[in-house]
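Spelled out, the chains give:
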There are 2 protein chains.
Amino acid sequence: MNSLSLAGPQNLHGAAAVKFSPSRTQPTPKFSPFTVNMSLQKDAPSIAVVGVTGAVGQEFLSVLSDRNFPYSSIKMLASKRSAGKKFTFEGVEYVVEELTEDSFSGVDIALFSAGGGISKKLGPIAAKCGTVVVDNSSAFRMDENVPLVIPEVNPEAMRDIKLGKGAIIANPNCSTIICLMAVTPLHKRAKVLRMVVSTYQAASGAGAAAMDELVQQTREVLEGKQPTCNIFKRQYAFNLFSHNAPVLSNGYNEEEMKLVKETRKIWNDTDIKVTATCIRVPVMRAHAESINLQFENPLDEDTAREILKNAPGVVIIDDRASNNFPTPLEVSNKDAVAVGRIRRDVSQEGNYGLDIFVCGDQIRKGAALNAVQIAELLL
Amino acid sequence: MNSLSLAGPQNLHGAAAVKFSPSRTQPTPKFSPFTVNMSLQKDAPSIAVVGVTGAVGQEFLSVLSDRNFPYSSIKMLASKRSAGKKFTFEGVEYVVEELTEDSFSGVDIALFSAGGGISKKLGPIAAKCGTVVVDNSSAFRMDENVPLVIPEVNPEAMRDIKLGKGAIIANPNCSTIICLMAVTPLHKRAKVLRMVVSTYQAASGAGAAAMDELVQQTREVLEGKQPTCNIFKRQYAFNLFSHNAPVLSNGYNEEEMKLVKETRKIWNDTDIKVTATCIRVPVMRAHAESINLQFENPLDEDTAREILKNAPGVVIIDDRASNNFPTPLEVSNKDAVAVGRIRRDVSQEGNYGLDIFVCGDQIRKGAALNAVQIAELLL
């Protein structure tokens, strides 16, 4: 796919496969009972989805289905609070089971997105059972024994992982994935020396409840009422703020340091200089990033554009004449990361610098899609 | 003022002195008939406000009143379409007059904010009449005979301008003003070599109608309807996009090149390296900017914070422990530019780099307040 057509103004969530009910904190899983089940296969791996009722958990299912991921069985795991909920997936009715230490016997692949605490506690237990865990949390990302993988970027990092032998593979942070999808092809050509990133991060990064709160606050503010501030402690509607992740002693917040550290690990380069400022903006589910690059070798903007045209999982939206560039809305619910504003950095000498603007669906490529793609590498 | 207290969740526009009616395209000027008129003085300059019914025009009046700017008379000028509208300002009823070439006879100071076309046509005519024009448009900013002024930064640039002798002084672009208010004190101490800016720009920068459209679109999207796209040609509600200013042949849009060029002019330094990415975000009237700085001389974050504490027109909101930093909502309708996230840039050696995050009210310090402060220098 070389270009992303502008589908025209879209609704709140884009063309969502899973409909979120703004009035409920937990999305109710809803899948058509009439979808033909292409994936259920006897000899295929057994899967578990941990945190299945959350935003990413639901997206795991959506992606597995979209990509016809083969499975012999699928276990829907969540907290006690959600256990017992019924829903239909690919024509089969499932009951959400409570996640326990015993949930993983016989499970080949477990997709985790239930927070770092759960991953830390149950990830190793699952791995001991022989499960290959694909963990969307930050719990193990910087662990030197755990591969941190973006399949289009560094699949070789997980070459020692095999089905049947328990292990943990970490899914990078959403902003890291979106950034490196666009920048790595350029890095491979001209070697990035330094990267300055400013992000525009969506509500979904803080979960379904955060998306609901943004909607609720927006309604309240439009009606002249005080906004409800449970998740974010401040008004989010028509506002933006420095990412809510804790601020560390160096003045960076955890979200920013994830980008710095995970980039170094994924690119296997401890020298690479990265700085980031992560900001929460009032959009629903796709992140945007303004990225300034300094290269060791020259890379002009036309060559950069050619490289990106052929980059896997990336589309270019870069039309100067009609001022058409990536927006979060256009990439929402889509797989590709969109890149635009590709231009020579006027503040750097010669062709050693570029500026680009990147958007990617935080729940999809930023989380669930990347994780399922990791699982696909195991097949 | 060393700190900006968090007033708690605010309404759509912040504590607006001028209430915009979302249902009308042009805001109806509304001032209390009971305000005591402190400013009307016989020996004071006569003023004209050009584009008085626009967002900035209204803010000119608000600021003149707030600051008790002395005037002997004040002329309210706008297009033919708005001529005849009546409103009360500081206890006096005014009728909006149609702006013509003859509007400036006897006018000492004219505050222009009616677009570059009007400024280009009528600015020089007003100056010929002996008027000192303070122009908020981009028409004359890069003209070598026209001072480009931020009063706290480079008041000396207008030292040759005197009341009674016609001239044009240019008000810089909103994003330039907000950026340089925060960065100049640091530049004066340690000399900025290079600056990388990513902006988060409010609807107000595109006028009152743009603010109305954002509100209207947001209502429509929440109701599941198609958003009305007149000003921006795309959905703005819950979305963001590369600034709508035309894109030039170097791939930068005009808004970005304004920041680059105006910084060089204001700092009187053609070598200063600046790159910018300007993004429109769905907030109402205050811009945010993520700014990465490289200095010639070392400047650690504590010294930087001290310098900014004492910087005129700047407040610090930089509380790491409670994750409290500048937001557009908090600076809306306020004079000060707020700075936070002040930290050593981990991607640069030693203490030669800083990252900061800045917010400022686009209509106020980004436009009207700066212009009135320029006018104050003439008194």
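Just so you know, these numbers come straight off a predicted model, no measurement behind them.

All names here are of chain A. In the UniProt entry, the feature "active site" (unreviewed entry) is given for Cys 174 and His 287. For this annotated set, covering 114 residues, all C-alpha atoms fall within 8.3 Å of each other, a compact arrangement in space. Classification of Cys 174 as buried rests on a relative accessible area of 7%. Not counting the four nearest positions on each side in its chain, Cys 174 is found in contact with Glu 255, His 287, Gln 362 and Gly 366. Tracing the backbone through its elements, the reader meets His 287 in strand β12 (residues 286-295). Excluding residues within four positions of it along the chain, His 287 makes contact with Cys 174, Ser 175, Ile 178, Tyr 200, Gln 201, Ala 202, Val 358, Cys 359, Gly 360 and Gln 362. Reaching out from His 287, the side chain makes a polar contact with the backbone nitrogen of Ala 202 at a distance of 2.9 Å.

Quick look at the sheet that holds strand β11 (residues 273-280) of chain B now. Residues and elements named next belong to chain B. Strand order in the open sheet formed by 7 strands is β10-β11-β9-β12-β15-β14-β13, with mixed pairing between adjacent strands. Each edge of the open sheet is held by one strand with a lone partner, namely β10 (241-242) and β13 (314-316). Packing of helix α5 (residues 254-266) onto the sheet brings it into contact with β9 (192-201) and β11, and relative to β11 it is tilted by some 145 degrees. Across the sheet, helix α6 (residues 301-309) is in contact with β13, β14 (337-344) and β15 (353-361); its angle to β14 comes to roughly 170 degrees.

On to the pairing of strand β1 (residues 46-50) of chain B. All names here are of chain B. For β1, the tally of buried residues reaches 5 of 5 residues, placing the bulk of the element in the interior. Of the two faces of β1, the one carrying Ser 46, Ala 48 and Val 50 and the one carrying Ile 47 and Val 49 are both buried. Here β1 pairs with strand β2 (residues 73-78) via 5 bridges, running parallel. From the neighbouring strand, Val 50 faces β2, where its bridge partner is Leu 77. Of the crossover connections in this fold, the one passing from β1 over helix α1 (residues 55-66) to the parallel β2 is right-handed. In the sheet, β1 pairs with strand β6 (residues 109-112) via 4 bridges, with the strands oriented parallel.

Our next topic: the packing of helix α3 (residues 174-190) of chain B against α5(B). All names here are of chain B. Running from N to C, α3 and α5 cross one another at 50 degrees; their axes reach a closest spacing of 9 Å. Between α3 and α5, the angle is such that the two are oblique. The chirality of how α3 crosses α5 is right-handed. On the side of α3, the interface is formed by Cys 174, Ser 175, Thr 176, Cys 179 and Leu 180, while α5 contributes Glu 255, Lys 258, Leu 259, Glu 262, Thr 263 and Ile 266.

Here we come to the side chain of B:Ser198. Assignment of secondary structure puts B:Ser198 in strand β9. Of note is the side chain of B:Ser198, whose polar atom sits 2.7 Å from the side chain of A:Ser290. Every residue in contact with B:Ser198, bar those within four places of it in the chain, is listed here: A:Ser198, A:Tyr200, A:Ser290, B:Thr277, B:Ala288, B:Glu289 and B:Ser290.

The next point concerns the pattern of salt bridges. A side chain with one charge can pair with a side chain of the opposite charge if their charged atoms come near. Under the definition given, this model contains 38 salt bridges over all chains. Close ionic contact of B:Asp66 with B:Arg364 constitutes a salt bridge, the shortest N to O distance being 2.5 Å. Placement of the pair is B:Asp66 in helix α1 and B:Arg364 in helix α8 (residues 364-378), with a sequence separation of 298 residues. On the basis of relative accessibility, which here comes to 49%, the residue B:Asp66 falls in the partly exposed class. Note on B:Arg364: relative accessible area 5%, which makes it buried. B:Glu152 serves as the salt-bridge partner of B:Lys365, at 2.9 Å between the closest nitrogen and oxygen. Taken together, the residues span a long stretch of sequence, with B:Lys365 in helix α8 and B:Glu152 in the loop between β7 (132-135) and β8 (167-170) at a distance of 213 residues. Residues participating in the shared-partner salt-bridge network are A:Glu59, A:Asp66, A:Arg285, A:Asp335, A:Asp361 and A:Arg364.

This paragraph deals with the packing of aromatic side chains. Under the definition given, this model contains 17 aromatic pairs over all chains. Relative to A:Tyr94, the ring of A:Phe89 has its centre 6.4 Å away and its plane inclined at 50 degrees; by these criteria the two rings are tilted. Across this residue pair, the class does not change: A:Phe89 and A:Tyr94 are buried. Judged by centre distance (4.8 Å) and plane angle (70 degrees), the ring pair of B:Phe232 and B:Tyr236 falls under edge-to-face. Take B:Phe232: its relative accessible area is 7%, and that puts it in the buried class. Three or more aromatic residues link up through ring pairs in this structure, and these residues are A:Tyr71, A:Phe87, A:Phe89 and A:Tyr94. Over the ring of B:Tyr252 we find A:Arg343, and its NZ or CZ is 4.4 Å from the ring centre. Sitting over the ring of B:Phe325, B:Arg341 keeps its end group 5.2 Å from the ring centre.

Contacts between the two partners involve 69 residues from chain A and, on the opposite side, 69 residues from chain B. Note on chain A versus chain B: buried area summed over both sides is about 5,700 Å², and carbon and sulfur give 54% of it. Counting across the chain A and chain B interface gives 8 salt bridges. A salt bridge links B:Glu256 to A:Arg341, with the nearest nitrogen and oxygen atoms 2.8 Å apart. Taken together, chain A and chain B are joined by 42 residue pairs in polar contact (both at pLDDT 80 or more). For the side of chain A that touches chain B, the secondary structure elements donating two or more residues are β9 (192-201), α4 (208-222), β10 (241-242), β11 (273-280), β12, α7 (328-331), β14 (337-344) and β15 (353-361) of chain A. A breakdown of the residues in the side of chain A that touches chain B according to their chemical character gives 31 nonpolar, 24 polar and 14 charged.

Moving on, we get to the UniProt feature "domain: Semialdehyde dehydrogenase NAD-binding" (unreviewed entry) in chain A. Within this numbering scheme, the UniProt entry marks residues 46-161 of chain A as carrying the feature "domain: Semialdehyde dehydrogenase NAD-binding" (unreviewed entry). Helix makes up 22% of residues 46-161 of chain A and strand 25%, whereas the separation of the span's terminal C-alpha atoms amounts to 17 Å.

Calculation criteria
Residues numbered from 1 in each chain as written. Chains lettered and ligands numbered in written order. Predicted model: local features only at pLDDT ≥ 70, side-chain atom pairs only at ≥ 80, totals over all residues. Heavy atoms only, no water. UniProt positions renumbered as here; feature names shortened; annotations may be inferred. Buried < 20%, exposed > 50% of the residue type's maximum accessible area, 1.4 Å probe, protein only. Contact = heavy atoms within 4.5 Å. Helix = DSSP H or I, 4+ residues; strand = E, 2+ residues; numbered from the N terminus. Polar contact = N/O pair within 3.5 Å; in protein donor to acceptor, adjacent residues only side chain to side chain. Pairing = 2+ DSSP bridges. Axes fitted to C-alpha atoms, helices over the stretch in contact; angles between N-to-C directions. Right-handed = clockwise from strand over helix to strand, strands pointing away. Parallel < 35°, antiparallel > 145°, perpendicular 65-115°, else oblique. Left-handed = near helix turned anticlockwise from the far one by under 90°. Salt bridge = Lys/Arg side-chain N within 4 Å of Asp/Glu carboxyl O. Phe/Tyr/Trp six-rings, centres within 6.5 Å; stacked < 30°, edge-to-face > 60°. Lys NZ or Arg CZ within 6 Å of the ring centre and 35° of its normal. Buried area = accessible area lost by both parts, 1.4 Å probe. Nonpolar A, V, L, I, M, F, W, Y, C, P; charged D, E, K, R; others polar.

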